[in-house]
Amino acid sequence: QVQLVESGGGLVQAGGSLRLSCAASRSTVIINDMGWYRQALGKQRELVATISSDGMTKYADSVKGRFSISRDSAKNMVSLQMNSLKPEDTAVYYCMVNDLGYYQYFGQGTQVTVSS
């Protein structure tokens, strides 16, 4: 089991920036990948970005060039820098970690709202 706590969501105008952070604690598993998913109202949860234990990153096409993911493995923290935000980025953002068996754990989510 692992506890994930997100922070940094909020309301921002289009073109603005936000930084999300997530801290993993009380972990009884070895954390492998870390990342972020999001779910907009009425839509399925989708991958935003992930970063592996050796630093390999993966981004959704819709956020490439605008979002940047980073991690501090020593502190079990992952961050998502979001620039040039668009109204379509509005969603609940969920921190994710997986273990060596790729079982995923999610946080409670943080709301990001981008106004036009």
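Please refer to the structure placed before this passage.
Residues numbered from 1 in each chain as written. Predicted model: local features only at pLDDT ≥ 70, side-chain atom pairs only at ≥ 80, totals over all residues. Heavy atoms only, no water.

**Description of the nonpolar core**
Next up, step 1: Grouped together as the largest cluster of nonpolar side chains are 28 residues, with contacts concentrated most on W36, L80, M82 and Y93.
Next up, step 2: Elements that contribute at least two residues to this core include exactly β3 (18–25), β4 (31–39), β5 (46–51), β7 (67–72), β8 (77–82), β9 (91–99) and β11 (110–115). (Core = buried A, V, L, I, M, F, W, Y, C linked by side-chain atoms within 4.5 Å. Buried < 20%, exposed > 50% of the residue type's maximum accessible area, 1.4 Å probe, protein only. Helix = DSSP H or I, 4+ residues; strand = E, 2+ residues; numbered from the N terminus.)

**Regarding the packing of aromatic side chains**
Next up, step 1: Scanning all chains against the criterion turns up 2 aromatic pairs.
Next up, step 2: Ring centres of Y37 and F106 lie 5.4 Å apart, and the angle between their planes is 85 degrees; on these two criteria the pair is classed as edge-to-face. On the criterion of sequence distance, the pair formed by Y37 in strand β4 and F106 in strand β10 (residues 104–106) is long-range, its members being 69 residues apart.
Next up, step 3: Here Y103 and Y105 contribute two aromatic rings whose centre-to-centre distance is 5.0 Å and whose plane-to-plane angle is 70 degrees, an arrangement assigned as edge-to-face.
Next up, step 4: Take Y105: its relative accessible area is 12%, and that puts it in the buried class. (Phe/Tyr/Trp six-rings, centres within 6.5 Å; stacked < 30°, edge-to-face > 60°.)

**Structural notes on the sheet that holds β8**
Think of a sheet as strands paired side by side through backbone hydrogen bonds, with each pair either parallel or antiparallel.
Next up, step 1: The 4 strands lie next to each other as β1-β3-β8-β7, forming an open sheet whose pairing is antiparallel. In this open sheet, the two edge strands, each paired with only one partner strand, are β1 (3–7) and β7. Neighbour-to-neighbour, the strand axes of the sheet open up by a mean angle of 15 degrees, direction not taken into account.
Next up, step 2: Relative to β3, β1 is paired through 5 bridges, and the arrangement is antiparallel. Looking at the pairing, L4 lines up with A24 of β3. (Pairing = 2+ DSSP bridges. Axes fitted to C-alpha atoms, helices over the stretch in contact; angles between N-to-C directions.)

**Overview of the side chain of N32**
Next up, step 1: Structurally, N32 can be placed in strand β4.
Next up, step 2: In this view, N32 contacts S52, S53, R71, N98, D99, L100 and Y102; residues no more than four positions away in its chain are not counted. (Contact = heavy atoms within 4.5 Å.)

**Describing the layout of surface pockets**
Next up, step 1: Considered as a void within the structure, the largest pocket measures approximately 180 Å³ in volume.
Next up, step 2: Residue lining of the largest pocket: 13 residues in total, with R38, A40, K43, E46 and E88 positioned closest to the centre.
Next up, step 3: Class assignment for the residues of the lining of the largest pocket results in 2 nonpolar, 4 polar and 7 charged. (1 Å grid on protein atoms, 1.4 Å probe; cavity = no way out; pocket = protein on both sides within 12 Å on 5 of 7 lines; lining within 4 Å. Points joined across faces, edges and corners; volume = space filled by probe spheres on them. Nonpolar A, V, L, I, M, F, W, Y, C, P; charged D, E, K, R; others polar.)

**Observations concerning the environment of G8**
Next up, step 1: Tracing the backbone shows G8 in the loop between β1 and β2 (10–13).
Next up, step 2: Placed 71 residues apart in sequence, G8 and S79 show a C-alpha to C-alpha distance of 9.5 Å.
Next up, step 3: Residues in contact with G8, not counting those within four places in the same chain, are L18, R19 and L20.

**Details of the state of the cysteines**
Next up, step 1: By the definition in use, this model includes 1 disulfide.
Next up, step 2: Here C22 connects covalently by a disulfide to C95, the sulfurs 2.1 Å from one another. Between C22 and C95, the S-S dihedral sits near -80 degrees, and the bridge is therefore left-handed. Of this pair, C22 sits in strand β3 while C95 sits in strand β9; the two residues are 73 residues apart in sequence, bridging distant segments of the chain. No difference in accessibility class separates C22 from C95, as the two residues are buried. (Disulfide = S-S within 2.5 Å.)

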